[in-house]
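Now for the letters of each chain:
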Number of protein chains: 2
Amino acid sequence: MVIPSLIERKRDGSSFAPGEWASLVRAYAAGEVPDYQMSALMMAVLWRGLDSAELTELTEAMINSGDRLRFDGWEVPRVDKHSTGGVGDKSSLVLAPMVACCGVGVPMMSGRGLGHTGGTLDKLESIPGFTTQMPLREAEAQVRRLGCALFGQTAEIAPVDKRMYALRDVTGTVPSIPLIAASIMSKKLAEGLTGLVLDVKTGIGSFLPAEDQALDLARTMIGLGESHGVRTVAFLTAMDRPLGRACGNALEVEECLMALQGQGPADLMAVTYALAVEMLLLAGVEADARAARTRLERVIASGAALEKFAAIIEAQGGNPVVAEDPSLLPQAGEVEVYETPKAGWVRQVEPRVIGHAIVAMGGGRQRVEDAVDPTVGFVITVKPGDRVDAGQPIASIFAKDEAGVAIGVAALREAIEVGERVEAPPLVSHRVTEGGVEKLGSKEVRK
Amino acid sequence: MVIPSLIERKRDGSSFAPGEWASLVRAYAAGEVPDYQMSALMMAVLWRGLDSAELTELTEAMINSGDRLRFDGWEVPRVDKHSTGGVGDKSSLVLAPMVACCGVGVPMMSGRGLGHTGGTLDKLESIPGFTTQMPLREAEAQVRRLGCALFGQTAEIAPVDKRMYALRDVTGTVPSIPLIAASIMSKKLAEGLTGLVLDVKTGIGSFLPAEDQALDLARTMIGLGESHGVRTVAFLTAMDRPLGRACGNALEVEECLMALQGQGPADLMAVTYALAVEMLLLAGVEADARAARTRLERVIASGAALEKFAAIIEAQGGNPVVAEDPSLLPQAGEVEVYETPKAGWVRQVEPRVIGHAIVAMGGGRQRVEDAVDPTVGFVITVKPGDRVDAGQPIASIFAKDEAGVAIGVAALREAIEVGERVEAPPLVSHRVTEGGVEKLGSKEVRK
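Residues numbered from 1 in each chain as written. Chains lettered and ligands numbered in written order. Predicted model: local features only at pLDDT ≥ 70, side-chain atom pairs only at ≥ 80, totals over all residues. Heavy atoms only, no water.

Draft legend 1. A look at the overall build of chain A. What chain A contains, in helices and strands, is 16 helices and 14 strands. For chain A, the C-alpha radius of gyration of 22 Å lies close to 22 Å, the compact-globule estimate for 447 residues. With the principal axes as the frame, chain A shows a C-alpha extent of 65 × 45 × 40 Å. Looking at chain A as a whole, 58% of its 447 residues qualify as buried. Intrachain contacts of chain A at a sequence separation of at least 6 include 77% that bridge at least 24 residues. Side-chain charges of chain A comprise 45 positive and 58 negative groups, with the mean position of each set lying 3 Å from the other. (Helix = DSSP H or I, 4+ residues; strand = E, 2+ residues; numbered from the N terminus. Rg over C-alpha atoms; globule rule 2.2 N^0.38 Å. Buried < 20%, exposed > 50% of the residue type's maximum accessible area, 1.4 Å probe, protein only. Contact = heavy atoms within 4.5 Å. Lys, Arg positive; Asp, Glu negative; His and termini not counted. Charge placed at Lys NZ, Arg CZ, Asp CG, Glu CD.)

Draft legend 2. Examining helix H9 (residues 177–188) of chain A more closely. Residue and element names in this part refer to chain A. For H9, with 12 residues, the first-to-last C-alpha span of 16 Å sits near the 16 Å given by 1.5 Å per residue. Counting buried positions over the 12 residues of H9 gives 11, a clear majority of the element. Burial in H9 covers these residues: Ile177, Pro178, Leu179, Ile180, Ala181, Ala182, Ser183, Ile184, Met185, Ser186 and Lys188. (Expected span 1.5 Å × (residues − 1).)

Draft legend 3. The arrangement of the sheet that holds strand E11 (residues 393–399) of chain B in detail. Residues and elements named next belong to chain B. Spatially, the 4 strands line up as an open sheet ordered E6-E9-E11-E7, and their pairing is antiparallel. Pairing within the sheet leaves two strands with one partner each, and these edge strands are strand E6 (246–247) and strand E7 (334–339). As paired strands, E6 and strand E9 (residues 377–380) are joined by 2 bridges and run antiparallel to one another. Residue pairing in the sheet places Cys247 in a bridge with Phe378 of E9. (Pairing = 2+ DSSP bridges.)

Draft legend 4. The arrangement of the relation of the copies chain A and chain B in detail. It takes a turn of 180° to lay chain A on chain B, together with a shift of 0.0 Å along the axis; the resulting RMSD is 0.0 Å. Read as a symmetry element, the transformation amounts to a two-fold axis. Identified as the residue of chain A closest to the rotation axis by C-alpha distance is Tyr36 of chain A, at 1.8 Å. Most of the interface of chain A is mirrored in chain B, where 100% of its interface residues again form contacts. (Least-squares fit on C-alpha atoms with pLDDT ≥ 70 in both.)

Draft legend 5. Layout of the pairing of strand E9 (residues 377–380) of chain A. Sheet topology places E9 of chain A next to strand E11 (residues 393–399) of chain A; 4 bridges connect them, and they run antiparallel. Across the sheet, Gly377 of chain A pairs through a bridge with Phe398 of chain A, a residue of E11 of chain A.

Draft legend 6. Quick peek at the sheet that holds strand E10 (residues 387–388) of chain B. Residues and elements named next belong to chain B. Strand order in the open sheet formed by 3 strands is E10-E8-E12, with antiparallel pairing between adjacent strands. Both outer strands of the open sheet, E10 and strand E12 (416–419), are each paired with one neighbouring strand and no more. Where strand E8 (residues 344–349) lies against E12, 4 bridges are found, and the strand directions are antiparallel. Directly across from Val346, in E12, lies its bridge partner Val418. Where helix H16 (residues 402–415) meets the sheet, it contacts E8 and E12, and its direction lies at approximately 45° from that of E12. (Axes fitted to C-alpha atoms, helices over the stretch in contact; angles between N-to-C directions.)

Draft legend 7. Main features of the side chain of Ser39 of chain B. Within the element layout of this structure, Ser39 of chain B appears in helix H3 (residues 35–48). Once residues within four sequence positions are removed from consideration, Ser39 of chain B is found in contact with Tyr36, Ser39 and Ala40 of chain A together with Leu167, Thr171 and Thr173 of chain B.

Draft legend 8. Just the interface of chain A and chain B, in detail. Contacts between the two partners involve 20 residues from chain A and, on the opposite side, 20 residues from chain B. Interface area for chain A against chain B, summed over the two sides, is near 1,600 Å², with a carbon-plus-sulfur share of 74%. Among the residues chain A hides against chain B, the three largest losses belong to Tyr36, Met43 and Trp47 of chain A. Together they make up 35% of the total. Counting every contact that joins chain A to chain B gives 0 salt bridges. Remark: the boundary between chain A and chain B carries 7 residue pairs in polar contact (both at pLDDT 80 or more). Elements represented by at least two residues in the side of chain A that touches chain B include exactly helix H1 (3–11), helix H3 (35–48) and helix H8 (159–169) of chain A. Examining the composition of the side of chain A that touches chain B, we find that 9 residues originate from one element, H3 of chain A, more than from any other. (Buried area = accessible area lost by both parts, 1.4 Å probe. Salt bridge = Lys/Arg side-chain N within 4 Å of Asp/Glu carboxyl O. Polar contact = N/O pair within 3.5 Å; in protein donor to acceptor, adjacent residues only side chain to side chain.)

Draft legend 9. Representation of the domain arrangement of chain A within the structure. Residue and element names in this part refer to chain A. Domain assignment breaks chain A into domain 1 (3–49), domain 2 (79–326 + 426–442) and domain 3 (332–419). Relative to domain 3, the C-alpha centre of domain 2 lies at a distance of 24 Å. Opposite the 23 residues of domain 2 that make contact, domain 3 presents 24 residues. Summed over both partners, the interface of domain 2 with domain 3 buries about 1,700 Å², with 62% contributed by carbon and sulfur atoms. (Domains from an automatic or database assignment.)

Draft legend 10. Up close: the pattern of salt bridges. Residue and element names in this part refer to chain A. Scanning the entire structure with this criterion turns up 52 salt bridges over all chains. Residue Glu54 is joined to Lys10 by a salt bridge in which the shortest nitrogen-to-oxygen separation is 3.0 Å. Highlighted residues: Glu54 in helix H4 (residues 52–64) and Lys10 in helix H1, separated in sequence by 44 residues. Looking at Glu54, the relative accessible area reads 2%, which means it is buried. Classification of Lys10 by relative accessible area gives buried; the value is 1%.

Okay, here's the thing in structure tokens:
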């Protein structure tokens, strides 16, 4: 295999022959291909694309660069959910215990915050004592025992993806749909799943704001999942505003606990139920959506889902009493109420501004090695389309100190636009399966 | 300057702002930009191109990464000639002493063989004792004293081009017209020239076989030259067959000596005169082409050009007697005459096959560190369009041993096609200036 001629062929728009992506990834993993060749190739892939056979082989090779979860001999179906990332995007923490209560294994391997978006691991780590780092064999055992483990990508899972992603991040080669799909799916398909539900975010707060790109990514990931024998369904959901009210690690965990107690905000619950219902259907534990929904509502009403979350917290070293008493979560030094200066209709709550403000306030990372302050963030009680009066309290800022409050106030002023009435786009807009795209257009439910 | 966002902007088709290419090249030269970012950027440039302001700035930055020749206070005009490379492409060695005899300085910095094409330095080094490595200050002094120096790119000239070229070579980013133009011109424009003549090869034996690409490269290099205040003219010449009869280092030097004695093959002399006439015109030492041609013919007829070459050889450590007695050049161990197996018209003499065979016979490099056997090669006495009889001797093979002869015979069988009559494309097809393209269409002159 001569690497320069491989690069030249992709540059000129050809597809690699069977076996070539596998050999290349193996050679890269073995340190035989320098990063300067891989980065040039990634740019050529971003330019020319990958056909579906190439993409399947690349993804398989990335999975094979590491270990995977194994559930041999275990009859329980395993279904995970993956989100492409957003602000206030906390549905994982609500649906994982709900689904695990319904006879489905949820081996949920998650990531950290990236750019303006939050990360499930950072949220979980705001729970005192909670650890997200565990060996794969331990995660498997916990899934078998409790139905769920919430853990971070270990060095054993798709290590070559980790290296390729870090390289792409600094060489302008991130926004390639096949490369994004391969990166996501190389981790998800190493989880030993029978089914996978994807939450593909659209709108300005997402990484692929345009609907056609989000659909393209959804279809590409579904193709990869199905070709690996994992039944895969995707939803397109709105990330033109934060999901739920809380944005910031500990604040979001608190909102999830409220949701598990039956007190979740309507938009968060709408997305959570859409995804969780699909997970039960893919698992085959319910035959229709109505029955699945009823079963999920019941595990909330009975307290079983909250109890499951407490059991997971305990199993992963955290203080399970948090589930009943969220005041045990770390608390911000300063809390300030924000009032809208203007009457009218909320036209926008710009999620990127909110996300970047949380990073600036210490609640996210500017560099990989940065520590995260779990306490900072926002609770924003209005949504696009809401009517507000001048001077009405519409948000709270949670900060470390006065300087943080100032950042928060400035961000809310910039992010929340009040003026003429607008219609917000639907919250859950499309359901995508191997068979096609179903337009849902469900409006955001308001209490 | 944030390198990833620069890469992203080029990837998305934007141009860099003034100063950005200069900063980037400085940072790369200082080791502050890793190769994996530069290679991804080069692929994005290959994809999206460079506008003329970007190209000028990049080239200037590459020149400024090193030293340049200085002829301050010297009134004599300096004109060089550059060829994009071919097989049997030896006109430099004929025209440099000719032009230097006409009151024009020729500071000729050349390169080595690359792929199937020969290199001027390798040819010169077949002259016993000849050295092509000299400090810039020495090259300047020799040009002032003798009117010409024939030397290799030193580490002082455009060092960043050297690194970028080596990187492009292994990352599939060579065939970008702006990058090729910047690489060539960063060296030529460091020669302290008043004028430059470019020999842009077309046809299957050249690096840009298609005429439109060759024209594009010619125009791009002319734009760069003129924007740096160097009057620049290009010719497109045919490289669908070797130039002249001799192919191989010492054999080509011998042919050049014959040419300087007035015995050069017609095609070689046609290209040499076209280029040399233009050099005299650009230098301003002659006002029209006819007068320039007459003057050049006179320096051949008088023996002045041959004497000049001998003086250059002597100045650069070689044995000047070679000029009168080419038998002092190293001689091949085996010489075999090749006869055409078939009667008809010569349809093709495929230059790449000839060039690769010379490399395989030891006369070129497979790796940078390889030594070159100067004696091996071919003398091919037929051209496309010639009539041949079965059994007619049409070439000689010069090899180290019987194995080399076998490679040579196989190559000639593959390269030389005999069959129905064809018309060969014109030898010197276009003259390109800042003002436009003149189609010449001159047929190859045959003796």
